[in-house]
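Residue-level listing of the chains:
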Amino acid sequence: MTNAPSWFNEQVDYSGSSIGFRVTKKLHEEQSAFQKIEIWETTDWGNLMVLDGCIMLTSRDNFLYHEMMAHPALFSHSNPKRVVVIGGGDCGTLREVLRHREVESAVQVEIDERVTRMAEQYFPELCEANNDPRAQLLFDDGIAYMRDAAAESIDVIIVDSTDPVGPAEGLFNEAFYQTCYKALRPGGILVQQSEPPLTQLALIKSMRQLMRQVGFAAVRTIPFPQPAYPTGWWSCTMARKGADLSGFRERGAYSKPFATRYYSADIHKAAMILPEFLREALGE
Ligand code: SAM
């Protein structure tokens, strides 16, 4: 394409809507072993990463998603020492996890090494914690990793995956949740990106039901804004092995020794209060 502005549009079948960004040029395109990876330069949103035609992130708004995937779960755990991120190849969630001093190790298990290599090149700010001695970057299938994980060895599992199709499909079923349940220590937390509440309520309900079925006693869904994703409004669902999920380390969150742009203790509290239609639909 020329360098004249044009538009990248993702048409989303399940929501009957599309998301678009004005772009100036395609910076990169390749077919990896797992997916087609595109990187675009936009006029207003920094760089844009697209996998198999689905928008993954922009430089401008990814902080919303990455902060909400990491901090509510980590502040809901009493002492998160060992964290595993499944997917998350752009490394933004890993960076947020490593802001927590009590985390002793954080393993990122991304199936597609090329996603991380592209993030290093086009989203270097997301990769700035990759050399933290507590970080380990593995390029492997998260399903197999969890199947082989030692029992009661992990405090927090964060599933930062693509939509439940292709290699991510097996991250949304009962067998996968069973492996997570087994690998978590008592009190451990699983948090998974759970798609847009406005149009994917059936999926959210099914995830919650399966999580409960495998033994998670407490399950909470947290909505948050995310302009680059279908409907502009996203969610993650947390499940705890053991006690309830209504409280969190509030004092720790109020006095956190690192800066965030969206997450705060007050946002955490607010996010736990569901809008009426969700509260009714999810029975909270
Ligand atoms: N935040 C994004 C979203 O919700 O659209 C997801 C971003 S992140 C780039 C998603 C990553 O999950 C992709 O890089 C993809 O390769 C990875 N992934 C998908 N299935 C996986 C699996 N089974 N094991 C590990 N990583 C997986």
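Residues numbered from 1 in each chain as written. Predicted model: local features only at pLDDT ≥ 70, side-chain atom pairs only at ≥ 80, totals over all residues. Heavy atoms only, no water.

*Asks:* Account for empty space enclosed by the protein, with residues named and values stated.
*Replies:* Taken as a whole and assessed by the stated rule, the structure comprises 2 cavities of 30 Å³ or more. Looking at the largest cavity, its volume works out to about 410 Å³. Lining the largest cavity are 32 residues, and of these Leu-51, Met-56, Asp-160, Ser-161 and Thr-162 sit closest to its centre. Looking at the lining of the largest cavity, the elements that each hand over two or more residues are strand E4 (47-51), strand E5 (54-58), strand E6 (82-87) and strand E7 (105-110). Broken down by class, the residue content of the lining of the largest cavity amounts to 17 nonpolar, 8 polar and 7 charged. There are two domains that each give the lining of the largest cavity at least three residues, and those are domain 1 (6-58) and domain 2 (62-282). Approximately 40 Å³ is the volume found for the second largest cavity. At the level of elements, E5 and helix H1 (62-76) are the ones that each hand at least two residues to the lining of the second largest cavity. Its residues assigned to classes, the lining of the second largest cavity comprises 5 nonpolar, 3 polar and 2 charged. (1 Å grid on protein atoms, 1.4 Å probe; cavity = no way out; pocket = protein on both sides within 12 Å on 5 of 7 lines; lining within 4 Å. Points joined across faces, edges and corners; volume = space filled by probe spheres on them. Helix = DSSP H or I, 4+ residues; strand = E, 2+ residues; numbered from the N terminus. Nonpolar A, V, L, I, M, F, W, Y, C, P; charged D, E, K, R; others polar. Domains from an automatic or database assignment.)

*Asks:* Outline the domain arrangement of the chain, supporting the account with residue identities and numerical values.
*Replies:* It is common to give the size of an interface as the accessible area lost on bringing the parts into contact. Split into domains, the chain comes out as domain 1 (6-58) and domain 2 (62-282). When each unit is reduced to the centre of its C-alpha atoms, the spacing between domain 1 and domain 2 is 23 Å. Listed as interface residues are 24 residues of domain 1 and, on the opposing side, 23 residues of domain 2. The junction of domain 1 with domain 2 conceals about 2000 Å² of combined surface from both sides, 68% of it contributed by carbon and sulfur atoms. The salt bridge partner of Arg-114 is Glu-30, with a shortest N-O separation of 2.8 Å. Between the two partners, domain 1 and domain 2, sit 7 residue pairs in polar contact (both at pLDDT 80 or more). Only strand E1 (6-12), strand E2 (17-31), strand E3 (36-42), E4 and E5 provide two or more residues apiece to the side of domain 1 that touches domain 2. Residues of the side of domain 1 that touches domain 2, tallied by class, amount to 16 nonpolar, 6 polar and 2 charged. (Contact = heavy atoms within 4.5 Å. Buried area = accessible area lost by both parts, 1.4 Å probe. Salt bridge = Lys/Arg side-chain N within 4 Å of Asp/Glu carboxyl O. Polar contact = N/O pair within 3.5 Å; in protein donor to acceptor, adjacent residues only side chain to side chain.)

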